[in-house]
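A structural walkthrough
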Amino acid sequence: MHYAVRVDTAIPDGGAQLDSLQREGALRVFGQALEGVEPIKGPDGMEVDLFDCAIAVHAEGVLLTLMLDAPALEFAEAAGRALIEELLEAVELLSGWTVQHSGVELHPDSLAESLAAADGPDAPPDDLGARRSRYLAPQAPPSGPSPEEAAARRACLQALAPRLKAFSPVSFGGGDPGEEDGAAGFGVDQGAADLAAGALFEASVAVLDELFMDVHELWTEDTAVAGCDGPLMRLEDLPERFAEHYTAGFARRFLVTAVALTTRFTDGTFRSLGSVAEELALRLLLGQARTILDIHGLLDEGGPALDTFAESVHEGRDRAWLYSDVPAEDGAAAVTAWFLPFDDTDRYVHPFAVGNV
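Here goes a summary of the coordinates provided. (Residues numbered from 1 in each chain as written. Predicted model: local features only at pLDDT ≥ 70, side-chain atom pairs only at ≥ 80, totals over all residues. Heavy atoms only, no water.)

Brief notes about the nonpolar core
In this structure, F172, Y246, F254, L282 and W338 are the most contacted members of the largest nonpolar core, which totals 69 residues. Looking at this core, the elements with two or more residues in it are β3 (47-58), α5 (147-160), α6 (190-221), α7 (248-267), α8 (276-295), α9 (299-314) and α10 (331-337). Examining the composition of this core, we find that 16 residues originate from one element, α6, more than from any other. (Core = buried A, V, L, I, M, F, W, Y, C linked by side-chain atoms within 4.5 Å. Buried < 20%, exposed > 50% of the residue type's maximum accessible area, 1.4 Å probe, protein only. Helix = DSSP H or I, 4+ residues; strand = E, 2+ residues; numbered from the N terminus.)

Encoded structure:
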């Protein structure tokens, strides 16, 4: 069974952030080290095979998505982490680097296969009529996370807030109105601002990982989103009217844009959004951040801070026309223009908006 294992590595504590040349070097080092990796041996003759990988470099480390063929999820997760830890120990240039996070994301096709083969007292009945009756029966609302689980998750997300060096609590509506740099605050307390910032950082890791998988899917099928038969994780969330133009080439450019944007978030160089592609990437990040908060029962607390952040960073630009259900005219030119930088009049976008709404 195929598994996608995400492994997040970090430079040594206290080390200087990677500049552009060092990032290129890290990309090359990881790429060369993972070429031709032999199957990973496990207990009882079990083997885990690495058949593909995607690598993204940012200022504080490298994010890898390892596509592994393994007999079980647990083996894939353990083998993926072990492989990268051994690589960090073996390569002198990566001395002091550490694995910060690793985890398996089950491919949607594999998930469907597992559900179809489910057995036991909680498995759905084989008879379709009985299954329909079961699902139409009144269901108890989900209990959600316990207060202890929510508190632990809140603490983890708040601890991630400093990773977004480009933003202060004021960016999320926080800050002390009595202080000069907090005058722009909107009544959001420090904890809620940190919670939103941490969720946005964690969302960036998930979204980049899923964009990697989408690029691979489109490249494998040699098609665009509109004609893709396989599961897509993120690109289907972009404006549907342009889906026939979301090719593998577009997906790669969009991924690079998202990586560059999140790098500016974390290295402190972000000043403003520079293109429509960046605006769309941020939309995906914010949506994922809200999902993270909602899953853990924290949306009421951190959601208003994310809303404030979105309003300030988008600078009042209205992109509702992108999501119109009117078929796009000259859509290829439109999506190409998304990657061009803004000027003061936003001239790279407005002509397409007028013609297509």
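Let's talk about the packing of α6 against α8
Close contact between α6 and α8 brings their axes to 8 Å; oriented N to C, the two are set at 115 degrees. At the point where α6 passes α8, the crossing takes the right-handed sense. Facing α6, whose interface residues are L195, A199, L200, E202, A203, S204, A206 and V207, α8 presents L284, L285, L286, Q288, A289, I292 and L293. For the contact of α6 with α8, the class distribution of residues is 12 nonpolar, 2 polar and 1 charged. (Axes fitted to C-alpha atoms, helices over the stretch in contact; angles between N-to-C directions. Left-handed = near helix turned anticlockwise from the far one by under 90°. Contact = heavy atoms within 4.5 Å. Nonpolar A, V, L, I, M, F, W, Y, C, P; charged D, E, K, R; others polar.)

Things to note about α9
In a regular helix each residue adds 1.5 Å, so 16 residues correspond to 22 Å; α9 covers 21 Å between its end C-alpha atoms and thus fits that length. Against the buried residues of α9 lie α6 and α8. Just downstream of α9 lies E315, where phi reads positive at about 55 degrees. (Expected span 1.5 Å × (residues − 1).)

Considering empty space enclosed by the protein
Across all of its chains, the model carries 1 cavity of 30 Å³ or more by this definition. Computed from the structure, the largest cavity encloses a volume of approximately 130 Å³. D8, H58, L63, F201, S204, V205, L208, T262, T263 and T266 are the residues that line the largest cavity. Among the elements of the structure, α6 and α7 are those that each provide at least two residues to the lining of the largest cavity. Tallying contributions element by element places α6 first for the lining of the largest cavity, with 4 residues. In the lining of the largest cavity, the residues fall into 4 nonpolar, 5 polar and 1 charged. (1 Å grid on protein atoms, 1.4 Å probe; cavity = no way out; pocket = protein on both sides within 12 Å on 5 of 7 lines; lining within 4 Å. Points joined across faces, edges and corners; volume = space filled by probe spheres on them.)

With respect to the layout of surface pockets
In this structure, the largest pocket encloses a volume near 460 Å³. Secondary structure elements with two or more residues in the lining of the largest pocket: β3, β4 (61-69), α6 and α7. The residue inventory of the lining of the largest pocket, partitioned by class, reads 14 nonpolar, 3 polar and 2 charged. When its volume is computed, the second largest pocket comes out at roughly 380 Å³. Along its surface, the second largest pocket is lined by 18 residues, and R6, H101, R153, E202 and V205 are the ones closest to its centre. The element best represented in the lining of the second largest pocket is α6, accounting for 5 residues. Per-class residue counts for the lining of the second largest pocket are 8 nonpolar, 3 polar and 7 charged.

A look at the pattern of salt bridges
This structure, assessed with the given rule, holds 11 salt bridges. We note a salt bridge from D209 to R6, for which the minimum N-O separation is 3.7 Å. With D209 in helix α6 and R6 in strand β1 (residues 2-10), this pair connects stretches of sequence that are 203 residues apart. R6 matches D209 in its accessibility class, with the two residues each being buried. Taking the shortest distance from any N to any O, the salt bridge between R81 and E85 comes out at 3.0 Å. You can see R81 and its partner E85 sitting in helix α2 (residues 73-90), 4 residues apart, about one turn around the helix. Judged by relative accessible area, which is 29%, R81 ranks as partly exposed. A residue is classified by how much of its surface remains accessible, and E85, at 33% relative accessible area, is partly exposed. Residues participating in the shared-partner salt-bridge network are E60, R163 and K165. (Salt bridge = Lys/Arg side-chain N within 4 Å of Asp/Glu carboxyl O.)

Focus on α8
Since there are 3.6 residues in each turn of an α-helix, residues three or four apart along the chain are aligned in direction. Given a rise of 1.5 Å per residue, 20 residues ought to cover 28 Å, and the 29 Å separating the end C-alpha atoms of α8 matches this to within 8%. Phi turns positive one or two residues past the end of α8, at G297, with a value near 70 degrees.

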